[in-house]
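# Reading the structure
Residues per chain are reported as follows:
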Amino acid sequence: MATKADIRDRVLRKLNVLGEGQTADAGDAAIVENSIDEMHEWMIVKDYAYWGDAIGDIPLEALPFFVLVVSAETAGDFGVPIDVGLAQLAVSELRKLGEQDISGEPVETDYF
């Protein structure tokens, strides 16, 4: 599980705003962290977030797609072209992950 700061830094790196080993300044951090909160809330409302209500509950398999969504949402704030198709793909992948039955229980099959 990643913290909001981890997600923020991944987004800023994805947008080439933050280099490896650098830390975000307060203004950039605030922009991305607000978007993280907004996108997480949006995913909960849309029922795309199959994890808990806390940002720290985002599972590792969903994290790259969540980062892409937040990156697309904040790209314009940093003068980076927005890739809407990539954001749509990321949301689609998050929805697929949420639809998977990951209970670990065997599934009974009916043969006709």
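Residues numbered from 1 in each chain as written. Predicted model: local features only at pLDDT ≥ 70, side-chain atom pairs only at ≥ 80, totals over all residues. Heavy atoms only, no water.

What follows covers the side chain of Ser35. Along the polypeptide, Ser35 turns up in helix 2 (residues 26-45). On the basis of relative accessibility, which here comes to 3%, the residue Ser35 falls in the buried class. For Ser35, the contacting residues outside a window of four places in its chain are Val70, Glu73 and Thr74. (Helix = DSSP H or I, 4+ residues; strand = E, 2+ residues; numbered from the N terminus. Buried < 20%, exposed > 50% of the residue type's maximum accessible area, 1.4 Å probe, protein only. Contact = heavy atoms within 4.5 Å.)

Once that is clear, we can look at the nonpolar core. In this structure, Ile7, Met43, Ile58 and Phe66 are the most contacted members of the largest nonpolar core, which totals 28 residues. For this core, the secondary structure elements donating two or more residues are helix 1 (4-14), helix 2, helix 3 (63-74) and helix 4 (84-99). By residue number, the principal contributor to this core is helix 3, which donates six residues. With residues up to four places along the chain from it excluded, the contact list for Met43 reads Tyr48, Ala49, Trp51, Phe66, Val69 and Leu94. (Core = buried A, V, L, I, M, F, W, Y, C linked by side-chain atoms within 4.5 Å.)

Our focus in this paragraph is the confidence of the model for the protein chain. Mean pLDDT over the protein chain: 89, with 92% of residues reaching 70 or higher. Considering each helix and strand of the protein chain separately, the mean pLDDT is smallest for helix 4, with a value of 88, and largest for helix 2, with 95. (pLDDT = per-residue confidence, 0-100.)

As a further point, take the packing of aromatic side chains. All told, the structure shown has two aromatic pairs when counted by the stated rule. With centroids separated by 5.4 Å and ring planes inclined at 80 degrees, the aromatic side chains of Trp42 and Tyr48 adopt a geometry described as edge-to-face. Seen in terms of ring centroids, Tyr50 and Trp51 are 5.2 Å apart; in terms of plane orientation they differ by 65 degrees. Their pairing is edge-to-face. Given the relative accessible area of 10%, Trp51 is considered buried. (Phe/Tyr/Trp six-rings, centres within 6.5 Å; stacked < 30°, edge-to-face > 60°.)

Across the interface, helix 1 lies against helix 3 with an axial gap of 9 Å and an inter-helix angle of 60 degrees. Classed by the angle they form, the pair helix 1 and helix 3 counts as oblique. Helix 3 is crossed by helix 1, and the crossing has right-handed handedness. Facing helix 1, whose interface residues are Ile7, Arg10, Val11 and Lys14, helix 3 presents Leu63, Phe66, Val67, Leu68, Val70, Ser71 and Thr74. (Axes fitted to C-alpha atoms, helices over the stretch in contact; angles between N-to-C directions. Parallel < 35°, antiparallel > 145°, perpendicular 65-115°, else oblique. Left-handed = near helix turned anticlockwise from the far one by under 90°.)

Opposite charge on two side chains makes pairing possible when the charged atoms of those side chains draw close. Tallied over the full model, the rule gives five salt bridges. Where Asp9 meets Arg8, a salt bridge forms, and the shortest distance between an N and an O atom there is 3.0 Å. Asp9 sits in the buried class, given a relative accessible area of 16%. Ionic pairing is found between Glu93 and Lys96, a salt bridge with its closest N-O pair at 3.3 Å. Residue Glu93 and its partner Lys96 are located together in helix 4, separated by three residues, close to a single helical turn. The partly exposed category is assigned to Glu93, whose relative accessible area is 23%. Taken together, the shared-partner salt bridges connect Arg8, Asp9 and Glu33 into one network. (Salt bridge = Lys/Arg side-chain N within 4 Å of Asp/Glu carboxyl O.)

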